[in-house]
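Secondary and tertiary structure notes
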Amino acid sequence: MKELETEKADAVRSVYLDGETYKALAARHDVPLNTMRTWLRRSLIKLKDCLTR
Amino acid sequence: MSGFEDAYDDDALVAEYVLHLLDDADRQAFEARLVADRDLRTLVNEWEARLVPLTDELAEIRPPASVRKRLLSAIEEESASHRVSMLWSWLLGGVVAAGVLAFVLFGDAFRPDLSPAFQAELASDDRSLVIVAGVIPATHEIVIDRIAGGPPEGRIHELWLIAEGADAPISLGLLESEGTTRIRVPDEIAPGVRTGTIAVSEEPLGGSPTGAPTGPVVATAQFSDV
């Protein structure tokens, strides 16, 4: 988790622990929804890579 | 929401499903695939297990004893008001029957895989007690079939989960003295069931008063794939 950039790690965390939606995240980070989705999906894959390495 | 079909698509899709990020249409399409695709179900389990450590960062909060008291009295009130609601349930019966019929006729396409994916046999050393527990991942349910034996008079069997690496068992619920018991496992506990140890203890009627096993542990087991 530490290897993920703080902002992205926060996004993953808030989705898992607070049940945030893409819509809410996109609004909070002020990016388009599709950008948010791509962003979070990359973060998740990176998270997986970190954990399985 | 499409157009993201890239190389690691399924893996990311599963993660999104586990995190409840899919919209209704995507989720339904995904669940339809889950029914037929065992590998996909494995991915779901892996992702659930992978994300659980995030909860380690949360501080544990012990609810005050007054909460338990209020909860118990609320349950008592509810069983009293049950009698009043008998008439209502009779009236509602017709509506439910119509719903069930609709489900039988049209529900097939939406039905998740309801067969157990993991199973465990809980048996005492002399096999006077044999209980088979199966986990249905789609509904986070444990279905417990009592094959042989029951608790002694005035006692009840309670099911516990000792998650991998955890030091204290969590109560999953009380078992019927005969036949089948279905227990819905809370979402936050569910990912730990596959790798954890389950145990049955003997408790006073009403279950362990302390939240930890107080009577003898009569059987323990781990789940394995069906």
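Residues numbered from 1 in each chain as written. Chains lettered and ligands numbered in written order. Predicted model: local features only at pLDDT ≥ 70, side-chain atom pairs only at ≥ 80, totals over all residues. Heavy atoms only, no water.

In the predicted model, chain B carries a mean pLDDT of 82, and the fraction of residues at 70 or more is 80%. The ipTM value of the predicted complex is 0.84, and its pTM value is 0.44. (pLDDT = per-residue confidence, 0-100.)

All names here are of chain B. With respect to topology, four strands assemble into an open sheet ordered β5-β4-β7-β8, the strand pairing being antiparallel. Each edge of the sheet is formed by a strand with only one pairing partner; in this case those strands are β5 (170-174) and β8 (217-222). Sheet twist, expressed as the average angle between the axes of neighbouring strands with direction ignored, equals 25 degrees. Relative to β8, strand β7 (residues 197-204) runs antiparallel, the two being bridged by five bridges. (Pairing = 2+ DSSP bridges. Helix = DSSP H or I, 4+ residues; strand = E, 2+ residues; numbered from the N terminus. Axes fitted to C-alpha atoms, helices over the stretch in contact; angles between N-to-C directions.)

A word on the pattern of salt bridges. Going through the model one piece at a time under the given rule, you end up with 11 salt bridges over all chains. The salt bridge partner of Glu46(B) is Arg50(B), with a shortest N-O separation of 3.9 Å. Of this pair, Glu46(B) and Arg50(B) both sit in helix α3 (residues 38-51), separated by four residues, roughly a single helical turn. Judged by relative accessible area, which is 13%, Arg50(B) ranks as buried. In this structure, Asp225(B) and Arg194(B) form a salt bridge, with 3.2 Å as the shortest nitrogen-oxygen distance. Here Arg194(B) lies in the loop between β6 (180-184) and β7 and Asp225(B) lies in strand β9 (residues 224-225), a separation of 31 residues in the sequence. You can call Asp225(B) partly exposed: its relative accessible area is 49%. Given a relative accessible area of 26%, Arg194(B) falls into the partly exposed group. One network of salt bridges, with partners in common, ties together Arg37(A), Arg41(A) and Glu16(B). (Salt bridge = Lys/Arg side-chain N within 4 Å of Asp/Glu carboxyl O. Buried < 20%, exposed > 50% of the residue type's maximum accessible area, 1.4 Å probe, protein only.)

All names here are of chain B. Pairing in this open sheet of five strands is antiparallel, and the strands run β6-β3-β2-β1-β9 from one edge to the other. Edge positions in the sheet fall to β6 and β9, since each of these pairs with one other strand and no more. Bridge analysis of strand β2 (residues 130-136) against strand β3 (residues 141-148) gives seven bridges, and the strand direction is antiparallel. Bridging from a neighbouring strand, Ile136 pairs with Glu141 of β3.

Tallying the contact residues gives 22 residues for chain A and 22 residues for chain B. Between chain A and chain B, roughly 2,100 Å² of surface is buried when both sides are summed, and carbon and sulfur atoms account for 69% of that area. Its largest share of buried area at the contact with chain B, chain A owes to Tyr16(A), Arg37(A) and Arg41(A), together 34% of the area lost on that side. Joining chain A to chain B, the criterion identifies three salt bridges. Across the pair Arg37(A) and Glu16(B) runs a salt bridge, and its minimum N-O distance is 2.7 Å. (Contact = heavy atoms within 4.5 Å. Buried area = accessible area lost by both parts, 1.4 Å probe.)

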